[in-house]
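Structural description and commentary
So the chains spell out like this:
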Amino acid sequence: MLPNSRPFCLAVLLSVSAALGAAIPIASLHAAEKPNIVVIMADDLGYGDLSCYGATELSTPNIDALAEGGLRFTQGYCSASTCTPTRFSFLTGMYAFRQPGAGIAPPNATSLVQPGTETIASILHKSGYATGVVGKWHLGLGEGDAPDWNGLLKPGPLEIGFDYCYLLPTTNDRVPSVYVENHRVVNLDPADPLWVGNKSPGPDHPEGIDPEVRKTLKMDWSHGHNNTVHNGIGRIGFYTGGQKARWRDEDLADRWVEKSVEFIEKHKSEPFFLFFASHDLHVPRMPHERFQGKTKLGFRGDAIAQLDWCVGELTKTLDRLGLTENTMVVFCSDNGPVLDDGYQDGAITRLGKHTPSGIYRGGKYSIYEGGTRTPFITYWPGKIRPGTSDEIVCTVDLAASVASLVDQKLSGTACPDSFNVLPALLGQAGAKGRDHLLQQPNKGPTLALRIGDWKVLSYADAKPMKHLTYEKGPGKYELYNLADDPEEKKNLVDAEPAKLKEMLAALEKIKSDGHSRPGIN
Ligand code: NG6
Ligand code: CA
């Protein structure tokens with residue numbers, strides 16, 4: 001591992017100096033060290049969910065501090081409006097619609113990112129970084145028919161560039177409710193093996209669908225989430241055993257912070273990359289008791305408060321260890337907001353004036369702006385000039401941008417949809433973000449494409465997700481000009497047939513080319 005004090009080579013110094021513009025004197029960059037990189041990804045956090053993005057009904061002081069000291073993007077995106085495809089694209093730099101099976105992963109999903117694939121972690125690993133991921137994975141583990149929950153969970157993060165992982169293997173509403181550290185379930189007693197499946201293992205198994213069991217639940221479900229009950233909450237999928245390995249929902253955030261702080265402390269003297277993948281504010285929203293009731297918005301708001309606390313703990317740790325000025329922090333979300341995502345947790349009844357998507361239409365599962373336009377903040381004191389940026393950047397771009405930061409050339413078709421937007425992420429004067437961006441819901445073939453201010457929505461799914469009212473049927477298009485109509489209210493399909501044709505042709509080209517990154521032939 002290279003020491004943290006190893007200076008950049010001259011070429012990188014020069015390119016970073018250029019990227020930063022005149023504001024940062026070149027001399028100070030000569031002393032620059034290889035920066036640590038911390039990506040904090042929230043779960044289901046909408047554009048309007050933070051006070052630094054206009055929320056008035058709750059406050060997020062720690063995330064606001066990142067925005068005040070860093071760059072707050074008004075056109076920052078995640079690449080999909082559900083979790084698995086955004087996380088897949090963030091790691092691989094590839095739009096997830098290109099990869100069959102990259103929709104929301106079921107409990108027994110096996111590894112979606114194959115060993116050998118270039119990822120943001122493998123890029124940084126090759127550059128001498130210690131690489132770790134802590135928190136929600138939801139990208140499958142292992143191979144074959146199902147993960148080997150009682151054996152080695154391989155391949156997983158450690159086979160695609162991470163040196164360390166401490167995971168919520170699926171998502172918190174999905175079984176099994178256990179932690180995975182590196183290749184194994186933590187605290188698994190071999191005498192009480194873990195079984196995970198999609199069928200009920202027996203009539204005596206407690207399930208949320210059972211009216212008697214339902215009466216005893218700590219949080220009732222509203223749709224789905226009525227299989228195995230654990231910690232008084234029904235989940236998606238069935239499991240038995242592994243009693244000693246099971247977590248409490250209330251403790252997840254504390255554990256992510258604990259393991260992340262350990263990771264940072266362990267690697268404080270060498271460059272590190274930490275992917276902090278919070279489960280907040282995904283359902284079931286069951287924050288720690290000390291956050292329950294902290295906001296007037298119910299558990300959804302309290303989960304945001306808990307997320308904000310996590311961010312504060314991470315930045316405090318960087319400060320304490322003197323790493324703040326040598327660390328680039330990126331804060332983002334994995335998809336837009338949702339209120340009722342399957343549990344009766346008060347998100348709707350206690351919403352009041354709060355607007356989770358800000359002014360934008362739609363949210364999680366949607367290709368309207370609310371589905372993917374989400375909070376996006378970069379923070380690197382001394383290197384990023386504080387302010388607001390209207391450039392278009394996306395989580396899929398972090399792989400190529402980070403490759404550029406550490407002076408690595410992407411080979412062949414690696415990270416095929418990841419744009420190097422590093423100058424825009426650093427807030428360089430005049431730096432441009434993307435000129436176009438593809439947006440996807442859960443998986444294709446329904447897709448949207450934004451080019452400049454124009455946006456086409458192309459609906460192709462035979463069966464849109466059923467509890468959503470804003471998805472249209474197959475073969476339908478919508479066309480908006482976001483400059484005049486950011487709320488996507490005025491469909492210009494009939495008024496602008498030539499533009500529609502041009503946009504659909506561009507969409508087809510991105511699909512058939514198999515890549516969109518500049519520089520790939
Ligand atoms: C949906 C679940 C939802 C959530 C989502 C994944 C039902 C009815 N809905 O299928 O609750 O788990 O998958 O969310 O089961 S994500 O943020 O991880 O993509
Ligand atoms: Ca999510």
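Before reading further, recall that the structure is shown in the block above.
A brief structural summary. (Residues numbered from 1 in each chain as written. Chains lettered and ligands numbered in written order. Predicted model: local features only at pLDDT ≥ 70, side-chain atom pairs only at ≥ 80, totals over all residues. Heavy atoms only, no water.)

1. Some thoughts on the coordination of the calcium ion (ligand 2)
Within the protein, Asp 43 (OD), Asp 44 (OD), Asp 334 (OD), Asp 334 (OD) and Asn 335 (OD1) serve as the donor atoms for the calcium ion (ligand 2), at 2.2 to 2.7 Å. For the calcium ion (ligand 2), the six donor atoms are set out with angles of 51 to 172° between them, so the coordination reads as irregular. Ordering the donors of the calcium ion (ligand 2) by residue number gives the pattern D-D-x289-D-N. You can see Asp 44 sitting in the loop between β1 (36–42) and α3 (61–69) and its partner Asn 335 sitting in the loop between β12 (327–333) and α9 (369–372), a full 291 residues away along the chain. Each member of the pair, Asp 44 together with Asn 335, is buried. (Donors = N, O, S within 2.8 Å, 3.2 Å for Na, K, Ca; no water. Tetrahedral: all angles 85-135°; square planar, octahedral: opposite > 155°, others 65-115°. Helix = DSSP H or I, 4+ residues; strand = E, 2+ residues; numbered from the N terminus. Buried < 20%, exposed > 50% of the residue type's maximum accessible area, 1.4 Å probe, protein only.)

2. Observations regarding the nonpolar core
Note on soluble globular proteins: their nonpolar side chains tend to be buried together. Residues Phe 273 and Phe 331 are the most contacted members of the largest nonpolar core, which totals 108 residues. Residues in contact with Phe 331, not counting those within four places in the same chain, are Ile 40, Ala 42, Leu 45, Leu 50, Ile 63, Leu 66, Leu 307, Val 311, Pro 375, Phe 376 and Ile 377. (Core = buried A, V, L, I, M, F, W, Y, C linked by side-chain atoms within 4.5 Å. Contact = heavy atoms within 4.5 Å.)

3. Concerning the site of ligand 1
Neighbouring ligand 1 are 18 residues; Cys 83, Asp 173, Arg 174, Asp 341 and Lys 364 lie closest to it. His 138 is positioned such that a nitrogen or oxygen atom in its side chain is 3.3 Å from an oxygen atom of ligand 1. Asp 173 is positioned with one of its side-chain polar atoms (N or O) 2.5 Å from an oxygen atom of ligand 1. Bound to the protein, ligand 1 loses 88% of the 450 Å² it would expose on its own. (Near = heavy atom within 4 Å. Polar contact = N/O pair within 3.5 Å; in protein donor to acceptor, adjacent residues only side chain to side chain. Areas by Shrake-Rupley, 256 points an atom, 1.4 Å probe, with all protein chains shown as cover.)

4. Thoughts on the sheet that holds strand β4 (residues 164–168)
Read across the sheet, 10 strands follow the order β6-β5-β4-β3-β11-β1-β12-β13-β2-β14 without closing on themselves; strand pairing throughout is mixed. In this open sheet, the two strands that pair with only one neighbour each are β6 (184–185) and β14 (387–394). With two bridges joining them, β4 and strand β5 (residues 180–181) adopt antiparallel strand pairing. Residue pairing in the sheet places Tyr 166 in a bridge with Glu 181 of β5. (Pairing = 2+ DSSP bridges.)

5. A look at the packing of α3 against helix α8 (residues 299–320)
Two numbers describe how α3 lies on α8: the axes approach to 7 Å, and their chain directions differ by 55°. Considering the angle they form, α3 stands oblique to α8. Of the residues in α8, those in contact with Pro 61, Asn 62, Ile 63 and Leu 66 of α3 are Leu 307, Asp 308, Trp 309, Val 311, Gly 312 and Thr 315. Of the residues belonging to the contact of α3 with α8, the class tally is six nonpolar, three polar and one charged. (Axes fitted to C-alpha atoms, helices over the stretch in contact; angles between N-to-C directions. Parallel < 35°, antiparallel > 145°, perpendicular 65-115°, else oblique. Nonpolar A, V, L, I, M, F, W, Y, C, P; charged D, E, K, R; others polar.)

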